Amino acid sequence: METVTYIILVPMVYVAFAVFFIGTTVRLIKIFREPRHPSTLQIFPEKRPKWLWAISDTFLFPTVRRHKPVLWVFLLAFHIGVFLLIIGHLELFGDFEIFQIIPHEIFLGKGFVGLVVAISLLYFLFRRFTSPVRELSVPEDYYLLILLFLIVLFGSQMDWARRWYLYGELGVEHYRDYLSSLLHLSPELPIEVTDTGHSFMLVLHVFFANLFLMFFPFSQSMHSFLSLPMNKLRRG
Ligand code: HEM
């Protein structure tokens, strides 16, 4: 069991990030090298400044807001949640003054970031069981949403246990020792990370996260890198 834990928490993380970065870069180069679309993708009437409209299209989803307001609320909640999760994970490496503009305990959000993201993922998943979205969905959509939900569930569980149920054996200082040892390429697993009651949650969280990072370059999640350039094309 110790070997499996070590493989998931150390080499598999390195492989996952390597596949994520190399795979995403190669895919983006391929996409941007493709010949330009013969006809314009620009939408009219033109609105200025074009870059601002492209940014608002990308991050405020105006079309979804007009046609599917409930989906829009969950989309916004999910993407803001992901943004906060990125900050939250960076803070698991060390303190960043800039992120403490609003003073907070690590993991930021008192466990509610994970909760909101988990509920949004459940909404995205269940809406795919009803028509017409069901007919438009492919198996990959379900796998990706279930995988993301499992990552978020185990990540949040760790925080909820610590914050809401005062579980103290596995904490931020142990995560920091583990993650900064990974970053400095001299991986070490503190005993608390491998031998406490909640170690299995960290192992499952990281295992599913590694799978997601390895699938990412070959999945529809690539839209996250392409939607801004696409909206810029649409806005001219
Ligand atoms: C796709 C990638 C990932 C996603 C979506 C994700 C998501 C999450 C979520 C939702 C939380 C809980 C936030 C909250 O409490 O509100 C969390 C916590 C955490 N994640 Fe991740 N995570 C990812 C990758 C990783 C990786 C690769 C590692 C380590 C190698 C990691 C380590 C942690 C740790 C240590 C916590 C802290 C738990 C606590 O506060 O007790 N995560 N993550």
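Higher on the page you've got the structure.
These figures come from a predicted structure and were not determined experimentally.

Enquirer: I'd like to hear about the overall build of the protein, residue by residue, with values.
Expert: Summing up its helical and strand segments, the protein has 12 helices and zero strands in all. When the helices and strands of the protein are listed from N to C terminus, the series reads α-α-α-α-α-α-α-α-α-α-α-α. Judged by the C-alpha coordinates and their principal axes, the protein covers about 60 × 40 × 35 Å. Relative to its full complement of 236 residues, the protein shows a buried share of 41%. Taking the intrachain contacts of the protein between residues at least 6 apart in sequence as the baseline, contacts between residues at least 24 apart amount to 74%. Accessible surface, the protein: about 14500 Å² in total, of which carbon and sulfur atoms supply 72%. Distance from the positive charge centre (20 side chains) to the negative charge centre (18 side chains) of the protein: 21 Å.

Enquirer: Summarise the pattern of salt bridges; cite the residues concerned and give the values.
Expert: Following the criterion strictly, the structure yields eight salt bridges and no others. Residue Glu-46 pairs with Lys-50 through a salt bridge whose shortest N-O separation is 3.7 Å. When the shortest N-O distance is used, the salt bridge between Arg-162 and Asp-159 registers 3.2 Å. Note that Arg-162 and Asp-159 are positioned in helix H8 (residues 139-163) at a spacing of three residues, about one turn of the helix. Accessibility assignment for this pair places Arg-162 and Asp-159 in one class, buried.

Enquirer: For the site of the ligand, give the residues involved together with the corresponding values.
Expert: Among the 22 residues in the neighbourhood of the ligand, the closest are listed as His-89, Gly-114, Asp-159, Arg-162 and His-205. Asp-159 has a polar side-chain atom sitting 2.5 Å from an oxygen atom of the ligand. A distance of 2.8 Å separates a nitrogen atom of the ligand from a polar atom in the side chain of His-205. Every element with two or more residues in the shell around the ligand is listed here: helix H5 (69-90), helix H6 (112-126), H8, helix H9 (172-183) and helix H11 (199-215). Among the elements that make up the shell around the ligand, the one with the highest residue count is H8 (seven residues).

Cut-off values and rules
- Residues numbered from 1 in each chain as written.
- Predicted model: local features only at pLDDT ≥ 70, side-chain atom pairs only at ≥ 80, totals over all residues.
- Heavy atoms only, no water.
- Helix = DSSP H or I, 4+ residues; strand = E, 2+ residues; numbered from the N terminus.
- Buried < 20%, exposed > 50% of the residue type's maximum accessible area, 1.4 Å probe, protein only.
- Contact = heavy atoms within 4.5 Å.
- Areas by Shrake-Rupley, 256 points an atom, 1.4 Å probe, with all protein chains shown as cover.
- Lys, Arg positive; Asp, Glu negative; His and termini not counted.
- Charge placed at Lys NZ, Arg CZ, Asp CG, Glu CD.
- Salt bridge = Lys/Arg side-chain N within 4 Å of Asp/Glu carboxyl O.
- Near = heavy atom within 4 Å.
- Polar contact = N/O pair within 3.5 Å; in protein donor to acceptor, adjacent residues only side chain to side chain.

As far as function goes, none of this settles anything; it's purely spatial.
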